[in-house]
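# What the coordinates show
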Amino acid sequence: MTRSAVPGLPTRYPIGELLPAIYADDDLAQRFTAGLDTVLAPVLSTLDNLPAYFDPALAPADFLPWLSSWVGVDADAAWPEELRRAVVVRAVELHRWRGTRRGLAERLRLCFGVHCDIADGGGAAWSSTAGTELPGAPPGELRVRVWPVRAARVDEAQIMDVVAASCPVHLTCRVEVLPGPPDDRPHDRPEDQREA
């Protein structure tokens, strides 16, 4: 990311006008400061617009990777610019829900335009009764079934990359791409009732 001289970019603060009156009519001083104005104009323009550089909706496209690094997001350069901006905007929310079903579902919905059904094979069991028999071992698999909503086609490899990055190390993960919502999908979970 570099900002360099932009031909013809005017400066709002010409140095020649700021010089003492004795140099106002000095041709050499005015030409010298005009050269400095050309070099400093992009810097001053950037500083004048600094708040826009920190707003993901307004920042120049080449600043998005830098903003992404600030909020700990790995936005793929192949994604459309609007999607990279949206991921940066929602980064804090996505981090808050990281490691949960909701977090994975939101990330898949945002990045790939899919709805999903997540069956988590890990878990914990407890009992308030002493001497209760131990529960059986959990299945040890994270199963994610996805179906397209925003796009006609779903790239299973990209979905698998996101799921694998979110999957706890003690579980294996499996992704199934479906043409539509599964019939056996539970409808009572709050995250399934939310709109995209």
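Predicted model only: the values in this text are computed from it and were never measured. (Residues numbered from 1 in each chain as written. Predicted model: local features only at pLDDT ≥ 70, side-chain atom pairs only at ≥ 80, totals over all residues. Heavy atoms only, no water.)

### A few points about the overall build of the protein chain
Per the secondary structure count, the protein chain includes nine helices and three strands. Taking all 196 residues of the protein chain together, the buried fraction comes to 30%. The contacts in the protein chain between residues at least 6 apart in sequence include a share of 60% that link residues at least 24 apart. Accessible surface computed for the protein chain: about 12900 Å², of which carbon and sulfur atoms make up 58%. (Helix = DSSP H or I, 4+ residues; strand = E, 2+ residues; numbered from the N terminus. Buried < 20%, exposed > 50% of the residue type's maximum accessible area, 1.4 Å probe, protein only. Contact = heavy atoms within 4.5 Å. Areas by Shrake-Rupley, 256 points an atom, 1.4 Å probe, with all protein chains shown as cover.)

### Details of the pairing of strand 2 (residues 141-148)
Pairing between strand 1 (residues 114-120) and strand 2: seven bridges, direction antiparallel. In the sheet register, Ala119 faces strand 2, and the bridge partner there is Arg143. As judged from the six bridges shared by strand 2 and strand 3 (residues 172-177), these two strands associate in the parallel manner. When the bridges of strand 3 are listed, Val144 appears paired with Val175. (Pairing = 2+ DSSP bridges.)

### A few points about the pattern of salt bridges
Enumeration according to the criterion identifies 10 salt bridges in this entry. A salt bridge links Glu141 to Arg174, with the nearest nitrogen and oxygen atoms 2.9 Å apart. Of this pair, Glu141 sits in strand 2 while Arg174 sits in strand 3, placing them 33 residues apart in sequence. Each of Arg90, Glu93, Glu106 and Arg109 takes part in one network of salt bridges that share partners. (Salt bridge = Lys/Arg side-chain N within 4 Å of Asp/Glu carboxyl O.)

### Thoughts on a nonpolar patch on the surface
Residues Phe32, Leu36, Val39, Leu40, Val43, Leu47, Leu50, Phe54 and Trp70 make up a contiguous nonpolar surface patch of roughly 860 Å² in combined accessible area. Residue contributions to the nonpolar patch peak at six residues, all from helix 2 (residues 27-48). Residue position: Phe54 is located in the loop between helix 3 (50-53) and helix 4 (64-70). (Patch = residues over 30% accessible without salt bridge, like charges linked within 9 Å, V, L, I, M, F, W, Y side chains within 5 Å.)

### Side note on the confidence of the model for the protein chain
When pLDDT is averaged along the protein chain, the result is 82, and 88% of the positions lie at 70 or above. In this model, residues 187-196 is a region of pLDDT below 50 whose contacts with residues beyond four sequence positions or in other chains number 15 contacts. (pLDDT = per-residue confidence, 0-100.)

### Description of the state of the cysteines
Each disulfide consists of a covalent bond between the sulfur atoms of two cysteine residues. Tallied over the full model, the rule gives zero disulfides. Between Cys173, a free cysteine, and Cys167, which holds the nearest cysteine sulfur, the sulfur-to-sulfur gap is 4.3 Å. (Disulfide = S-S within 2.5 Å.)

### Focus: the nonpolar core
With 25 residues, the main nonpolar core has Leu104, Leu108, Leu142, Val144, Val146, Ile159 and Val163 as its most contacted residues. Of all the secondary-structure elements, those providing two or more residues to this core are helix 5 (81-89), helix 6 (91-96), helix 7 (101-112), strand 1, strand 2 and helix 8 (156-166). If you tally residues by element for this core, the top one is helix 7, at six residues. When residues no more than four places from it in sequence are discounted, the contact partners of Leu104 are Ile118, Leu142, Val144, Val162, Val163 and Ser166. Counting residues in hydrophobic clusters, the runner-up holds five residues, among them Tyr53, Ala59, Phe63 and Val88. (Core = buried A, V, L, I, M, F, W, Y, C linked by side-chain atoms within 4.5 Å.)

### What to know about the sheet that holds strand 2
Strand-to-strand pairing in sheets goes through backbone hydrogen bonds, with the strands running parallel or antiparallel. The strand order 1-2-3 describes an open sheet built from three strands, whose pairing is mixed. The open sheet is flanked by strand 1 and strand 3, the only strands paired with a single partner. Ignoring strand direction, the axes of neighbouring strands in this sheet form an average angle of 20°. Against the sheet, helix 7 makes contact with strand 1 and strand 2, and its axis sits at roughly 155° relative to strand 1, the strand it touches most. Across the sheet, helix 8 is in contact with strand 1, strand 2 and strand 3; its angle to strand 3 comes to roughly 150°. (Axes fitted to C-alpha atoms, helices over the stretch in contact; angles between N-to-C directions.)

### Some points on the environment of Trp97
Structurally, the position occupied by Trp97 is in the loop between helix 6 and helix 7. Measuring from C-alpha to C-alpha, the distance between Trp97 and Arg107 comes to 9.5 Å, with 10 residues separating the pair along the chain. Dropping the residues within four chain positions of it, Trp97 is found in contact with Arg102 and Gly103.

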